[in-house]
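# Structure assessment
What follows is each chain in one-letter form.
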Amino acid sequence: MNLLPNREPNAHTVEKIGGTSISNTAAVLENVLIGGRKGSALYNRIFVVSAYSGMTDRLLEHKKTGRPGAYARFASARSRSALVEAIAEVHHEMRRINGEVFGRSPERRVADDFVRDRIEGVLGCLLDLQRLCSYGHFRLEEHLNTVREVLAAQGEAHSSYNTALLLRTLGVEAIFVDMTGWRDETEISLDERIETALSAIDLSKQLPIITGYSRCPGGLVQLYGRGYTEFTFARIAALTGAKEAIIHKECHLSTADPKIVGIERVRPIGRTNYDVADQLSNLEVEAIHPAAAKELRHANIPLRFKNTFEPEDEGTVITRDYVSDTPQAEIITGLRGVYALEFFEQDVVGRNDYDAEILKKLKGYDVRVVTKASNANTITHYLAAAPDVIASVVQALEESFPTADIVTKKVSIVSAIGSDLNLQSLTAIAVQALADACIEVLGIHQLMRNVDIIFMVDESGFDDAVSALHGALIEAASCRVRRCE
């Protein structure tokens, strides 16, 4: 499907600007939006913009710590004063950002007026809802998902509006494309909203700046969590037949976390495939949401990750069919604080109903299984969940299987990932590297597909394990290649 039938296919890019990047106005203007471009070179691009760094945390809750934002405080406190205070804090932060972006220019007042209209509208709506639900016939819980959607949308509306306004002051024909459904009484699909938004835009001489949030049935946040901007971006790329999808972030998609192994030791991955991208998502590496990757993969659109602050670097390109010329690890990463839930029952051997029942319990508590392993009598699931949820799962399993021995242990998962790990000595090299670093391996998981090797280590050994594997599988491998050349 191509929503731009009057244009040549593969003539434009769809690009997403991350929250940290868009917060650095000067850098994003110089390195992404304008730079040395003039005239027609400014166009044939569609930009999807995330909220400013930290804004969605203020609107919902902190992504990592869970610290309550406006939504969480509204949902838990249920008081007028708590709601007014939370929304006022968001409004103050938005206006502070406007001051950084526009200074004392006339556009500052325009930006502040836009924010005021949105914030006052949201506050009025929520106060009315709160008042309505003070009557017994109406339940606030039935509306909380909608409240979450409305609040999340304001972050992307703010950043996108500011970006388009700023570009117009610099002579760029930028168009603010609001897909949040603000004051829109119609209920249409995401595809219809994208088609409506882009139908009147001429990409050859207009630069659409699109909100990363889009209103749709089911709710974008409800469907895709905090990866909703990535899905909007990917769906636009797929529907418009983009030649390339580009994500601009504050860092490279690197061979490891530079905060762990050191910036001087890592490098951009360069090239890989969507299978690797999915493995990264499974380990909660902030690359791209798996649903977004699926959209691009099915449409056969290359995805490029670029460092906003190093525009001269081509970054990393992900394609559907890429396989490394030589078997090698491309990235070392992992996940901390995973719970290994070990289920031992002598009668498991030869039966599969135990595993099915365990999975049913895990699904009932909405626990995510990172990976699993089993032998004749033992089934171990590695779970990403809060401690209280794990405790409830264990209790439920003990009630269903009173003769089973169920043990939990908090561990870290460290993984070597690559488009082709089919190197006979690779696992041996990795195990030796961990042994040399005095890291005890609690488990190893490797499939015949040879895309990843997973090592379970003690929770405290995560950083050391990543550093050891990066040195042995990536840095040493690069040295061997250079010597051969």
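Structure first, text after, so check above.
Below is a summary of the structure that appears in this document.

Leu-151, Leu-167, Phe-233, Ile-236, Ile-288, Leu-296 and Leu-303 are the most contacted members of the largest nonpolar core, which totals 109 residues. With 11 residues, helix α7 (residues 144-169) is the largest single contributor of residues to this core. Setting aside chain neighbours within four positions, we find Phe-233 in contact with Val-14, Glu-15, Lys-16, Val-48, Ala-245, Ile-246, Ile-247, Ile-288, Leu-296 and Leu-303. With 22 residues, the next largest nonpolar core counts Ala-430, Ile-439, Phe-462 and Leu-473 among its residues.

Summary: where empty space remains is shown by rolling a probe the size of a single water molecule over the atoms. Considering only enclosed or pocket space, the second largest pocket measures out at about 490 Å³ in volume. Every residue lining the second largest pocket is counted, 23 residues in all, and those nearest its centre are Thr-146, Glu-149, Val-150, Gly-181 and Arg-215. Elements that contribute at least two residues to the lining of the second largest pocket include exactly α6 (106-132) and α7. If you tally residues by element for the lining of the second largest pocket, the top one is α7, at seven residues. Its residues placed into classes, the lining of the second largest pocket shows 10 nonpolar, nine polar and four charged.

Here we take up the pairing of strand β8 (residues 316-319). Both faces of β8 are covered, namely the face carrying Thr-316 and Ile-318 and the face carrying Val-317 and Thr-319. Here strand β6 (residues 271-273) runs beside β8; their pairing, made up of three bridges, is parallel. By the bridge assignment for β8, Arg-271 is matched with Val-317. Where strand β7 (residues 303-307) lies against β8, three bridges are found, and the strand directions are antiparallel. Bridge pairing in β8 links Arg-304 to Val-317.

With that settled, the discussion passes to empty space enclosed by the protein. Under the definition given, this model contains one cavity of 30 Å³ or more. Looking at the largest cavity, the residues that line it are Ile-22, Thr-25, Val-28, Leu-29, Leu-33, Tyr-52, Val-101, Asn-162, Thr-163 and Leu-166. At the level of secondary structure, the elements contributing two or more residues to the lining of the largest cavity comprise α2 (25-33) and α7. In terms of residue count, α2 provides more of the lining of the largest cavity than any other element does, four residues in total. Looking at the lining of the largest cavity, its residues break down into seven nonpolar, three polar and no charged.

For helix α5 (residues 80-102), spanning 23 residues, the distance from its first C-alpha to its last is 33 Å, which sits close to the expected 33 Å at 1.5 Å a residue. Within the span of α5, buried status applies to Ala-82, Leu-83, Ala-86, Ile-87, Val-90, His-91, Glu-93, Met-94, Ile-97, Asn-98, Val-101 and Phe-102. Just downstream of α5 lies Gly-103, where phi reads positive at about 60 degrees.

Inspection of the entire model under this criterion finds 27 salt bridges. Glu-295 is the partner of Arg-235 in a salt bridge, and the nearest nitrogen-oxygen pair spans 2.7 Å. Of the two residues, Arg-235 is situated in helix α10 (residues 228-240) and Glu-295 in helix α13 (residues 290-298); the sequence distance between them amounts to 60 residues. Here Arg-235 and Glu-295 have matching classes, each one buried. Notably, a salt bridge pairs Arg-304 with Glu-314, separated by 3.6 Å at the nearest N-O pair.

Basis of the calculations
Residues numbered from 1 in each chain as written. Predicted model: local features only at pLDDT ≥ 70, side-chain atom pairs only at ≥ 80, totals over all residues. Heavy atoms only, no water. Core = buried A, V, L, I, M, F, W, Y, C linked by side-chain atoms within 4.5 Å. Buried < 20%, exposed > 50% of the residue type's maximum accessible area, 1.4 Å probe, protein only. Helix = DSSP H or I, 4+ residues; strand = E, 2+ residues; numbered from the N terminus. Contact = heavy atoms within 4.5 Å. 1 Å grid on protein atoms, 1.4 Å probe; cavity = no way out; pocket = protein on both sides within 12 Å on 5 of 7 lines; lining within 4 Å. Points joined across faces, edges and corners; volume = space filled by probe spheres on them. Nonpolar A, V, L, I, M, F, W, Y, C, P; charged D, E, K, R; others polar. Pairing = 2+ DSSP bridges. Expected span 1.5 Å × (residues − 1). Salt bridge = Lys/Arg side-chain N within 4 Å of Asp/Glu carboxyl O.

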